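Summary of the model geometry
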2 protein chains.
Amino acid sequence: MVDAAHGIDVPVTMINQDDAPDGSANPPLAVYRTIGPDCDVTRGLPPLRSGWITGRDDVESYQPRGRDLSDDGRSAVRRGAASQEWKGERRPPLRARAGATVTQMHYARAGVITPEMRYVALREGCDVSLVRDELAAGRAIIPANVNHPEAEPMIIGKAFGVKVNANIGNSAVTSSIADEVDKLRWATRWGADTVMDLSTGDDIHTTREWILRNSPVPIGTVPIYQALEKVDGDHQALTWEIFRDTVIEQCEQGVDYMTIHAGVLLRYVPLTADRVTGIVSRGGSILAGWCLAHHRENFLYEHFDELCEIFARYDVAFSLGDGLRPGCLADADDAAQFAELDTLAELTKRAWEYDVQVMVEGPGHIPFHLVRENVERQQELCDGAPFYTLGPLVTDIAPGYDHITSAIGATEIARYGTAMLCYVTPKEHLGLPDRDDVKTGVITYRIAAHAADVAKGHPGARERDDALSKARFEFRWRDQFGLSLDPQTAESMHDETLPAEPAKTAHFCSMCGPKFCSMRISQDIRDDFGDAAEQRRVAEAGMAAKAAEFRAAGGEVYLPDPVRR
Amino acid sequence: MVDAAHGIDVPVTMINQDDAPDGSANPPLAVYRTIGPDCDVTRGLPPLRSGWITGRDDVESYQPRGRDLSDDGRSAVRRGAASQEWKGERRPPLRARAGATVTQMHYARAGVITPEMRYVALREGCDVSLVRDELAAGRAIIPANVNHPEAEPMIIGKAFGVKVNANIGNSAVTSSIADEVDKLRWATRWGADTVMDLSTGDDIHTTREWILRNSPVPIGTVPIYQALEKVDGDHQALTWEIFRDTVIEQCEQGVDYMTIHAGVLLRYVPLTADRVTGIVSRGGSILAGWCLAHHRENFLYEHFDELCEIFARYDVAFSLGDGLRPGCLADADDAAQFAELDTLAELTKRAWEYDVQVMVEGPGHIPFHLVRENVERQQELCDGAPFYTLGPLVTDIAPGYDHITSAIGATEIARYGTAMLCYVTPKEHLGLPDRDDVKTGVITYRIAAHAADVAKGHPGARERDDALSKARFEFRWRDQFGLSLDPQTAESMHDETLPAEPAKTAHFCSMCGPKFCSMRISQDIRDDFGDAAEQRRVAEAGMAAKAAEFRAAGGEVYLPDPVRR
């Protein structure tokens, strides 16, 4: 899609279709595209937004903070080098000039329409004024760090399509930089709107560099993971200075949003002591331990204004972490969860004072009947700031299938206003997702997001459903595959029983076989008896004869020793 | 579970658990069991209910209708024999003595408490009077043909646990008797509460015999499929006599419930003419074609009273088919669907006049926001007769993942009162499910049914969730696997990254690794800082110091050219 007047060209996926049996054309369908342009991963993507960013004349490039091998963890220090150092272009970091604020929220509040806003308006098929107004009100965000010009702008807010985040990242136990870059590209290929790099293992800095330079979508992180690495995993040794330095390191690399667990207050920690599963957020548990160990308030809460000032200079968005989210149905909607939410609401408004974009993270594990009130409560307390939830899972008894248990809750919570869903893969609670798990997780969440868009009556949401259904009725098998979220899987499942080419145009499938294909029969009915009006004439003729028929039928009744009553 | 007074012993699965780290015991959990006793499939299951049935002294055994090779379809006739003829015991069929009615509804209305009612009361953990009252009111059914004594009684009704049906059956295109018996046992192993044999291919009669003699759960069928085989697939050649004879054939074999599309009225057919996907029910399309071709009313509607009389003699339950259900979101909640529902409500009450048990089938494909009104409308019109729905799918764009698209709708519709969910497998719309698809479909639907039970606050529904969550927090990995719906899959996913034995007791998994395990950290917090009261003391000590700390922290602020405002 093109906005020629402003030189903006938004890539979409066009799905072509064959004509209908009656020869009428089935128009191609344009589908939202998250894949980004193809590129050589060792060079990275072209910096799409560079001109827009510098064109505003409010940023300066500067000498970055001193890079240190400890940024890549102990083994890098041991080796004396980071492994697989990024070889592509290295641009000096940008930040707002002194006194300037470079957030999309700031521009929106000033009434300025940026190219980023025009880009997302084209992507969403809405008026750009809606984009600006939702940004200005804090009801939507465009995560767009000035140091991540490769990313294609996208918007997160309940007035727009429901978005999906995919988590990747290595852990102390497994996986490599190449694996993570591959997972990034794989996740966006299947429809991830943003990706979080949750690496906690070796080469954190360098892995993130590779991911950012190759990512067409916004990248989120949880900086406390890297900060903890820098103190060798001893959370009591964490300090605000180490954390702040890590945040600046990541701002300079181009991270678009960061999870900040500033709502885990010292006085809330005791509220979790009687829980079945305690604190299940990694960041939440680290900070809770820190608070108690030091008899001090959470340093992220105490230094929140400084974080706002930093984020305002790079346009990094807050993802206010729910460090006290419930980890099981039994702990759902408890005092700890809701106390933290009150504090996240307070922090949302403080960030807005700095024109810093904010979304609020949500659970987790919630019984189905309590899901709705979670989003309605957050929306009310946080004045409509975008809600970003993990599922929620609606039962705890299906490890290995938690992409499903959580997609059920995700559809419900998105229907009532959650703006972005963090995917859950089949490996949740069991291990690190591999390539197949990432694909399954993303597609499952695309289903939840789409079902919610349809339920919300989001403009145009049902076009793809209707196109696929029409293709189904017209036995356009290839179009059914092409219009589906996972064409390869749909086609291979079909081919397991009917692999031959003719089957691609057959008026039946192996489910019912030719004789029992209901859709073939209903097509025959239309062929034999015409349209609704003609069918009605036939039916009425039948009615006239009905009474007589009934008597005749009644007369023939035979039963083995019929029971009369 | 045992009702010694009445000599009833209900098998359950006991899940044993290890002790908690503090040495306290975690009691074993008793779980509803659908598997049935082990048996030699060539001999079939023991006739559990025979004594109960004959003990009521209201049935007679008689010479069955003449068996005919055409019952097994054309190829059997060609071969001159049915393949894999059933070799196990052949009992002469039973039916009600003249003037008697042998349905569980009849007994309940007479205030009689049958062993079947006691059996389900034990299974459901409720008072037997609730079972009797719900049966008498028509709000629940116990599908229990007097000729299927092998089946363990189970109940379908919204006052009880949500049930799951699995469809099996061969088609003209594929599969064998052995495959279907294997699928039956496989489906019940994973938790199918009933199974429908939807065979449309060869050896229909014999396949059904093998299935019934080996089924510990009620078996449902769609008799019109076999009737159509008997007229060589020419639906215009169908007659009431052929259909009735097929129904009696299946009553004598022991089918527990039958889908009867008696609501597809001649005058409703034109209402489907402008649909995107027309009529997607096989039975519905067959009858619609028949009605128009003959200018006559649906013979199932015209002969409905005779069907009631037959069903009353064997205790076969109606599953009133929704032959005009929508086949896509675009056709949901249209005039054809709701016109048929009005007729199904009328037929429900007619069946009740004969004390015949009834459930009503429902959609299909429904956008998420319209799901609730579908069940509420059915419950109101049908005076609470059990609703039995297929999904519904909440989007049409994910062939290959329709177990998920439909489980989302299934959870919602069950939450508001649907009594049984018909599973959908990943192969829906694409091909016939294989063994893995059956397992995936059943487990996915157990998730939906369980999530709905929890949402409904069904007594005891959350015990398993809470037990698994406690096992998770206590790092009892083996118990987490054992308590899950699919222990093998959970364990193998865990072992992919941490196969070693010690990992089964490790206080972390590969997701976060040791350093980042939030639950380990929150356990450490409890170890270091004690219970809620002690933690509160620590926190308050921290509060006292807070003001000073804050000033100190404020004084230390350093930012690269901080922005002040």
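The shown structure was predicted, so the numbers you read here are calculated from the model rather than taken from an experiment. (Residues numbered from 1 in each chain as written. Chains lettered and ligands numbered in written order. Predicted model: local features only at pLDDT ≥ 70, side-chain atom pairs only at ≥ 80, totals over all residues. Heavy atoms only, no water.)

A word on the overall build of chain A
What chain A contains, in helices and strands, is 21 helices and 16 strands. Counting only C-alpha atoms, chain A reaches 95 × 60 × 50 Å along its principal axes. Counting the 565 residues in chain A, one finds 66% classified as buried. Sequence separation of 24 or more characterises 74% of the internal contacts of chain A that already satisfy a separation of 6 or more. With an accessible surface of roughly 17900 Å², chain A has 51% of that area assigned to carbon and sulfur atoms. (Helix = DSSP H or I, 4+ residues; strand = E, 2+ residues; numbered from the N terminus. Buried < 20%, exposed > 50% of the residue type's maximum accessible area, 1.4 Å probe, protein only. Contact = heavy atoms within 4.5 Å. Areas by Shrake-Rupley, 256 points an atom, 1.4 Å probe, with all protein chains shown as cover.)

A short note on the interface of chain B and chain A
Of the residues lining the interface, 148 residues belong to chain B; the matching set on chain A comes to 148 residues. Of all residues in chain B, the largest losses of buried area upon contact with chain A belong to Ile397, Met511 and Phe516 of chain B, amounting jointly to 6% of the total for that side. For the pair chain B and chain A, the number of links is four salt bridges. For Glu496 of chain A, the salt bridge goes to Lys427 of chain B, with nearest N and O atoms at 2.8 Å. (Buried area = accessible area lost by both parts, 1.4 Å probe. Salt bridge = Lys/Arg side-chain N within 4 Å of Asp/Glu carboxyl O.)

A word on the nonpolar core
If you look at the biggest cluster of nonpolar residues, it comprises 270 residues, and the most contacted ones within it are Phe243, Phe311 and Phe318 of chain A together with Phe243, Phe311 and Phe318 of chain B. In this structure, Phe311 of chain A is in contact with Thr103, Val247, Cys251, Met258, Ile260, Val316, Ala317, Phe318 and Val356 of chain A, ignoring residues within four places of it in sequence. (Core = buried A, V, L, I, M, F, W, Y, C linked by side-chain atoms within 4.5 Å.)

A closer look at the UniProt feature "domain: ThiC-associated" (unreviewed entry) in chain A
Per the UniProt annotation, the sites labelled "domain: ThiC-associated" (unreviewed entry) are residues 6–60 of chain A. Along residues 6–60 of chain A, the helical share is 11% and the strand share 22%, with 24 Å between the first and last C-alpha atoms. (UniProt positions renumbered as here; feature names shortened; annotations may be inferred.)

Re the pattern of salt bridges
If the charged atoms of two oppositely charged side chains come close together, the side chains can form a pair. Using the criterion set out here, one finds 101 salt bridges over all chains in the structure. Here Arg350 of chain A and Asp305 of chain A are joined by a salt bridge, their closest N and O atoms 3.0 Å apart. Placement of Arg350 of chain A in helix H13 (residues 335–353) and of Asp305 of chain A in helix H12 (residues 304–314) is noted, with a sequence separation of 45 residues between them. Looking at Asp305 of chain A, the relative accessible area reads 26%, which means it is partly exposed. We note a salt bridge from Asp40 of chain B to Arg43 of chain B, for which the minimum N-O separation is 3.8 Å. Three or more residues are tied together by salt bridges with common partners; here these are Arg65, Arg67, Asp71, Asp72, Glu85, Arg90, Arg208, Lys230, Asp245 and Glu249 of chain B.

Side note on the sheet that holds strand S14 (residues 358–362) of chain A
All names here are of chain A. The strand order around the closed barrel built from eight strands is S9-S10-S11-S12-S13-S14-S15-S16, with neighbouring strands paired in parallel fashion. Put simply, the sheet's adjacent strands are angled 25° from each other on average, direction ignored. Sheet topology note: the strand S11 (residues 219–221)/strand S12 (residues 257–260) ladder contains two bridges and is parallel. The residue bridging Gly220 from the neighbouring strand is Tyr257, located in S12. (Pairing = 2+ DSSP bridges. Axes fitted to C-alpha atoms, helices over the stretch in contact; angles between N-to-C directions.)

Description of the packing of helix H20 (residues 518–529) of chain A against helix H10 (residues 282–294) of chain B
Remark: H20 of chain A packs on H10 of chain B, axes separated minimally by 8 Å, with the N-to-C direction vectors making an angle of 20°. Comparing their axes, H10 of chain B and H20 of chain A come out roughly parallel. Handedness of the crossing formed by H20 of chain A with H10 of chain B: left-handed. Counted together, Ser518, Ile521, Ile525 and Phe529 of chain A of H20 of chain A and Arg282, Ser285, Ile286, Ala288, Gly289, Leu292 and Ala293 of chain B of H10 of chain B form the full contact between these two elements. (Parallel < 35°, antiparallel > 145°, perpendicular 65-115°, else oblique. Left-handed = near helix turned anticlockwise from the far one by under 90°.)

Considering the sheet that holds strand S16 (residues 420–422) of chain B
Consider a sheet: its strands pair through backbone hydrogen bonds, and that pairing is either parallel or antiparallel. Residue and element names in this part refer to chain B. What the eight strands build is a closed barrel, ordered S9-S10-S11-S12-S13-S14-S15-S16; its pairing is parallel. Strand-to-strand twist in this sheet, taken as the mean axis angle between neighbours without regard to direction, amounts to 25°. Across the sheet, helix H7 (residues 204–213) is in contact with strand S9 (163–168), strand S10 (194–197) and strand S11 (219–221); its angle to S11 comes to roughly 155°.

Structural notes on the relation of the copies chain B and chain A
The transformation that overlays chain B on chain A combines an axial shift of 0.0 Å with a rotation of 180°, and the residual RMSD is 0.0 Å. This pairing of chains is accounted for by a two-fold axis. No C-alpha of chain B approaches the rotation axis more nearly than that of Ile408 of chain B, which lies at 2.5 Å. Most of the interface of chain B is mirrored in chain A: 100% of its interface residues are interface residues there too. (Least-squares fit on C-alpha atoms with pLDDT ≥ 70 in both.)

A look at the pairing of strand S9 (residues 163–168) of chain A
Residues and elements named next belong to chain A. The element S9 is extensively covered by neighbouring structure, given that six of its six residues are classed as buried. The two faces of S9 match: Lys163, Asn165 and Asn167 on one face and Val164, Ala166 and Ile168 on the other face are all buried. Examined bridge by bridge, S9 and strand S10 (residues 194–197) share four bridges and lie parallel to one another. Bridge pairing in S10 places Asn165 opposite Thr194.

What about helix H9 (residues 240–253) of chain A?
Residues and elements named next belong to chain A. Relative to the 20 Å expected for 14 residues at 1.5 Å per residue, H9 spans 20 Å between its end C-alpha atoms, a close match to the ideal helical length. Of all 14 residues that make up H9, eleven are buried, and the element is covered over most of its length. All of the buried residues in H9 are Trp240, Phe243, Arg244, Thr246, Val247, Ile248, Glu249, Gln250, Cys251, Glu252 and Gln253. Here the buried face of H9 lies against helix H7 (204–213), S11, helix H8 (223–230), S12, helix H11 (299–302) and H12. Gly254 sits one or two positions beyond H9 and adopts a positive phi of about 120°. (Expected span 1.5 Å × (residues − 1).)

Thoughts on the packing of aromatic side chains
Summed over the entire model, instances satisfying the criterion amount to 20 aromatic pairs over all chains. For the ring pair Trp186 of chain A and Trp190 of chain A, a centre distance of 5.6 Å and an interplane angle of 85° mean the geometry is edge-to-face. Of this pair, Trp186 of chain A and Trp190 of chain A both sit in helix H6 (residues 177–190), four residues apart, roughly one helical turn. With relative accessibility at 9%, the residue Trp190 of chain A sits in the buried group. Measuring from ring centre to ring centre gives 4.9 Å for Trp290 of chain B and Phe299 of chain B, while their planes differ by 85°; the resulting arrangement is edge-to-face. Three or more aromatic residues link up through ring pairs in this structure, and these residues are Trp240, Phe243, Trp290 and Phe299 of chain A. The cationic tip of Arg377 of chain A hangs over the ring face of Phe338 of chain A; the distance from NZ or CZ to the ring centre is 3.7 Å. (Phe/Tyr/Trp six-rings, centres within 6.5 Å; stacked < 30°, edge-to-face > 60°. Lys NZ or Arg CZ within 6 Å of the ring centre and 35° of its normal.)

Focus on the packing of H8 of chain A against helix H10 (residues 282–294) of chain A
All names here are of chain A. The contact between H8 and H10 brings their axes to 9 Å, and the two run at 50°. Considering their axes alone, H8 and H10 lie oblique with respect to each other. For the element pair H8 and H10, the recorded crossing hand is left-handed. Between H8 and H10, the residues in contact are Ile224, Tyr225 and Leu228 and Arg282, Gly283, Ile286 and Leu287, respectively. The residue makeup of the contact of H8 with H10, split by class, is five nonpolar, one polar and one charged. (Nonpolar A, V, L, I, M, F, W, Y, C, P; charged D, E, K, R; others polar.)

Regarding unusual backbone geometry
Geometrically, the link from Pro363 of chain A to Gly364 of chain A is a cis peptide bond, its omega value of 0° lying close to zero. Inspection of the secondary structure assignment puts Gly364 of chain A in the loop between S14 and helix H14 (368–381). For the bond running from Gly391 of chain B to Pro392 of chain B, omega is 5°, close enough to zero to count as cis. Considering the arrangement of structural elements, one finds Pro392 of chain B in the loop between strand S15 (387–390) and helix H15 (402–415). The backbone of Asp57 of chain B shows a phi angle near 55°, a positive value even though the residue is not glycine. If you trace the backbone, Asp57 of chain B turns up in the loop between helix H1 (50–55) and strand S5 (59–61). For Phe475 of chain B, which is not glycine, the phi torsion reads 55° and is therefore positive. According to the relative accessible area criterion, Phe475 of chain B is buried, its value standing at 5%.

Brief notes about the environment of Asp22 of chain A
All names here are of chain A. Relative to the helices and strands, Asp22 is located in the loop between strand S3 (12–15) and strand S4 (29–32). Here the alpha-carbon distance between Asp22 and Glu474, two residues 452 residues apart in the chain, equals 9.7 Å. There is a polar contact of 2.6 Å between the side chain of Asp22 and the side chain of Ser24. (Polar contact = N/O pair within 3.5 Å; in protein donor to acceptor, adjacent residues only side chain to side chain.)

Remarks on the confidence of the model for chain A
Residues and elements named next belong to chain A. On average, residues of chain A score 92 in pLDDT, and 96% of them are at 70 or above. This stretch, residues 553–565, has a pLDDT under 50; its non-local contacts, to residues over four places away or in other chains, come to 21 contacts. Predicted complex, confidence summary: ipTM 0.94, pTM 0.95. (pLDDT = per-residue confidence, 0-100.)

Things to note about the side chain of Ser285 of chain A
As for its placement among the helices and strands, Ser285 of chain A is situated in helix H10. Since its relative accessible area comes to 0%, Ser285 of chain A is described here as buried. Within the structure, the side chain of Ser285 of chain A is placed 2.8 Å from the backbone oxygen of Arg282 of chain A, a separation counted as a polar contact. In this view, Ser285 of chain A contacts Ile279 of chain A together with Ser518, Ile521 and Ile525 of chain B; residues no more than four positions away in its chain are not counted.

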